[in-house]
Amino acid sequence: MSDQPGERLIAASPAAWRDATRLEAHGDHLPAVARVVRDQLGYDMLTNLTAVDDLARGEIEVIYHVVSLAGGAPLAFRARTPRDAARLPSLVACWPGAELQEREAYDLFGVVFDGHPDLRRIYLWDDFIGHPMRRDFPRQGDKYIAGAGEE
Amino acid sequence: MSAHESHLLQVNIGPQHPSTHGVFRMEVTLDGETVVALRPVFGYLHRNHEQLAEASSYIQTMPYTDRLDYFNSMTSNYGYALAVERLAGIDVPQRANYIRALMSELTRILNHATAIGFMINDMGAWHTALQFGMREREKILDLFEMASGARMMCNYFRFGGVVRDLPPEFLPYFDQLMRGLPAFFDEFERLLRDNEIIVARSSGIGILPREVAAGYSVTGPVLRGSGIPYDIRRAEPYGIYGELAFDIPVGSVGDVYDRTLVRFAEMRQSYRMLQQIRERLPDTIGGHINPAMANFGKQKALRPPAGEAYARVESPKGELGFYLVSDGSTRPYRYKVRAPSFINLTPLGAMCRGHLLADVVVILGSIDIVMGEVDR
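Residues numbered from 1 in each chain as written. Chains lettered and ligands numbered in written order. Predicted model: local features only at pLDDT ≥ 70, side-chain atom pairs only at ≥ 80, totals over all residues. Heavy atoms only, no water.

Participant: Please explain the nonpolar core as it appears in this structure.
Facilitator: Within soluble globular proteins, side chains that are nonpolar generally end up buried alongside one another. Formed by 146 residues in total, the largest nonpolar core has its most connected members in Tyr64 and Phe77 of chain A together with Met103, Tyr156, Phe159, Leu345 and Leu348 of chain B. Residue contributions to this core peak at 13 residues, all from helix 4 (residues 94–123) of chain B. Not counting the four nearest positions on each side in its chain, Tyr156 of chain B is found in contact with Met74, Asn77, Ile99, Met103, Ala147, Ser148, Val162, Val163, Arg164, Asp165 and Leu166 of chain B. Judged by nonpolar contacts, the second largest core, of six residues, contains Val52 and Ile63 of chain A together with Val325 and Tyr333 of chain B. (Core = buried A, V, L, I, M, F, W, Y, C linked by side-chain atoms within 4.5 Å. Buried < 20%, exposed > 50% of the residue type's maximum accessible area, 1.4 Å probe, protein only. Helix = DSSP H or I, 4+ residues; strand = E, 2+ residues; numbered from the N terminus. Contact = heavy atoms within 4.5 Å.)

Structure below.
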């Protein structure tokens, strides 16, 4: 992202989800991009936040789907972070609705959201090891499967 | 007061508590009977639904989506079918779209009728009001059983349409139901809407102001109760919703009472849409499913081209979204459910702060959650 992320964003506004331009924000610029998307482009609701484990590239991609309640085309933007040190700035300050969704992405994918007010596991218990939605998480034979490690 | 020091008290409501609508826990900090802080605790029903879907072929996930919002399996099916159809570029015949909308609006009526009933349960009117909603719900489930063979886990949708056309006995029973619905709405509203106790227990409680509602990503009756006329059937029409006439009811204050009134009004709007669908259904063209997808082997062997799609429907609880990434194989590379019940809980703590403990269960009831979808 350049110093004027707004101009590039406006040019990239998609007509529909299906054709969403692959608009990527550098992790460091994510809060600034989010503010431009919210304040200048008018996308007042972050409707969906999710992660995709891109095993081939060794990265985790976080996707943000935003809509404007006044109408108009929805927008998707995304940010990438390395799998072995997955870390992105939190967008809770911009959209409070990100709170539970970032916790979910942390729990299942292991993405640490810096600045999140309460980043804890949400579905799994606190001493669970690993992040089960990562593509290389063992689907069987791990220590949580019944029988393993029990007397 | 002077001799007594005030202590904050920590109380767990749930996970096994009748008001939590399933296994859900709230850690409440109380000052006397007033809520100082509330933290929702999730995960008791977590089964990693998304990973199950990524380990299954596309059509194998269809019956799993029934178990998300088990009250509204038809709309869960719809959202998933829509996402896969966008990903794979499958067309849906007109008749199938009409059948889909018909099932969705019946689902909305049954959901709202029981959601209002359950909320009034939580106020202490034990099961009397709920039985009115349940009575209508049973009739709608009879219709679902005729069409799909199952009352709750319908598994009725297929990519490109629905699994089978409406049976001959469906429409006569549907017409009979439709004749009775206006009287049910009137009776149900007369029983509850102006009831002094219900008004006292719900107005001014759990206010979610219009200015903050969008920021919290809430959708459905919770968002509309706060006065924002946002409905995906209007904002991003899918199926035949662009052709149907309906209004979007909204609240003014954003309290529990407004959310309840929105649900009452939405049932009448669904009835209006059902009338239009019923009128046009005999003249619809195309079958119940796209002929190219009618063979179940085609459904099983589906390999959408590499790419991604996000599709969302207006489920009775809010925006139900499915995000899919395909790598060209028979299984999705990424499958994500954007569950309205889950995200609508984001402002729960803020909505409960300052209210009495007894109001917490009412506020939770007014959000209308189902744990199958919250915990996935």
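Once you've had a look at it, read on.
Participant: Even after reading the chapter, I still don't get the sheet that holds strand 1 (residues 8–13) of chain B, so can you show me in this structure?
Facilitator: Note on sheets: strands pair through backbone hydrogen bonds, and any given pair is parallel or antiparallel. All names here are of chain B. Judged by pairing direction, the sheet is antiparallel, and its three strands sit side by side in the order 1-2-3 without closing on themselves. In the strand order of this sheet, the two ends are held by strand 1 and strand 3 (34–41), each with one partner. Strand-to-strand twist across the sheet, computed as the mean angle between neighbouring axes with direction ignored, equals 20°. The pairing of strand 2 (residues 25–31) with strand 3 spans seven bridges and is antiparallel. Considered in strand 3, the bridge of Val28 is made with Leu38. (Pairing = 2+ DSSP bridges. Axes fitted to C-alpha atoms, helices over the stretch in contact; angles between N-to-C directions.)

Participant: Can you walk me through the pattern of salt bridges in this structure?
Facilitator: Pairing between side chains becomes possible if they bear opposite charge and their charged atoms approach one another. A complete count under the given rule lists 47 salt bridges over all chains for this structure. A salt bridge links Arg376 of chain B to Glu50 of chain B; the shortest N-O distance between them is 3.0 Å. Here Arg376 of chain B is found in the segment after helix 16 (371–375), whereas its partner Glu50 of chain B is found in helix 1 (residues 49–54), with 326 residues between them in sequence. Here Arg376 of chain B falls in the buried class, since its relative accessible area comes to 2%. A relative accessible area of 3% places Glu50 of chain B in the buried class. As a salt-bridge pair, Glu187 of chain B and Arg135 of chain B come within 3.2 Å of each other at their nearest N and O atoms. Remark: Arg135 of chain B occurs in helix 5 (residues 128–148) and Glu187 of chain B occurs in helix 6 (residues 170–192); sequence separation between them is 52 residues. One network of salt bridges, with partners in common, ties together Asp54, Arg57, Glu59, Glu61, Arg78 and Arg80 of chain A together with Glu308 of chain B. (Salt bridge = Lys/Arg side-chain N within 4 Å of Asp/Glu carboxyl O.)

Participant: Which parts of the structure should I look at to understand the side chain of Arg25 of chain B?
Facilitator: All names here are of chain B. Topologically, Arg25 is positioned in strand 2. For Arg25, the side chain forms a polar contact with the side chain of Glu27, separated by 3.4 Å. Ignoring sequence-local partners within four residues, the contact set of Arg25 consists of Asn12, Ile13, Gly14, Pro15, Arg39, Pro40, Val41 and Tyr44. (Polar contact = N/O pair within 3.5 Å; in protein donor to acceptor, adjacent residues only side chain to side chain.)

Participant: Help me understand the pairing of strand 2 of chain B, please; the structure alone is not making it clear to me.
Facilitator: The side chains of a regular strand alternate between both faces of the sheet. All names here are of chain B. Within strand 2, six of the seven residues are buried, leaving the element largely enclosed by the surrounding structure. Across six bridges, the pairing between strand 1 and strand 2 is antiparallel. When the bridges of strand 2 are listed, Gln10 appears paired with Thr29. Taking the residues that link successive antiparallel strands as the turn, the strand 2-strand 3 hairpin has two residues, and the phi of Gly32 there is positive, at about 70°.

Participant: What is the right way to read the sheet that holds strand 7 (residues 318–326) of chain B from this model?
Facilitator: All names here are of chain B. The strand order 6-7-8 describes an open sheet built from three strands, whose pairing is antiparallel. Single-partner strands in this sheet number two, and they are strand 6 (307–315) and strand 8 (334–338). Across the sheet, the axes of successive neighbouring strands diverge by a mean angle of 10°, strand direction being ignored. Note that strand 6 and strand 7 share nine bridges and pair antiparallel. Its bridge partner lying in strand 7, Arg312 is registered against Gly321. Relative to strand 6, helix 3 (residues 73–88) is tilted by about 155°, and along the sheet it contacts strand 6, strand 7 and strand 8.

Participant: What is the right way to look at the packing of aromatic side chains in this model?
Facilitator: Given two aromatic rings, their pairing is described by the distance between the two centres and the angle made by the two planes. Applying the stated criterion to the full structure yields 22 aromatic pairs over all chains. Taken together, a centroid distance of 5.7 Å and an interplanar angle of 75° make the contact between Tyr80 of chain B and Tyr335 of chain B edge-to-face. One end of the pair, Tyr80 of chain B, is in helix 3; the other, Tyr335 of chain B, is in strand 8, and 255 residues separate them in sequence. The residues Tyr80 of chain B and Tyr335 of chain B share a single accessibility class, namely buried. A network of ring pairs unites the aromatic residues Tyr78, Tyr156, Phe157, Tyr238 and Tyr241 of chain B as a single cluster. Of note, Arg135 of chain A hangs over the ring of Tyr333 of chain B, and the distance from its end group to the ring centre comes to 4.2 Å. The ring of Phe246 of chain B has Arg234 of chain B lying over it, and the distance from NZ or CZ to the ring centre is 4.3 Å. (Phe/Tyr/Trp six-rings, centres within 6.5 Å; stacked < 30°, edge-to-face > 60°. Lys NZ or Arg CZ within 6 Å of the ring centre and 35° of its normal.)

Participant: I keep staring at the interface of chain B and chain A and nothing clicks. Help me out?
Facilitator: When the parts come together, some accessible area is lost, and that loss is often what is quoted as the size of the interface. At the interface, 39 residues of chain B touch 41 residues of chain A. Summing both partners gives a buried area of about 3,400 Å² for chain B against chain A, and 54% of it is carried by carbon and sulfur. Taken together, chain B and chain A are joined by four salt bridges. In this structure, the salt-bridge partner of Arg135 of chain A is Glu54 of chain B, at a minimum N-O distance of 3.3 Å. On inspection of chain B and its partner chain A, the count reaches 16 residue pairs in polar contact (both at pLDDT 80 or more). Sorting the residues of the side of chain B that touches chain A by element identifies helix 1, helix 3, strand 6, strand 7, strand 8, helix 13 (340–343) and helix 16 of chain B as the ones contributing at least two each. The residue makeup of the side of chain B that touches chain A, split by class, is 18 nonpolar, eight polar and 13 charged. (Buried area = accessible area lost by both parts, 1.4 Å probe. Nonpolar A, V, L, I, M, F, W, Y, C, P; charged D, E, K, R; others polar.)

Everything listed here is a matter of geometry and, on its own, says nothing about what the molecule does.
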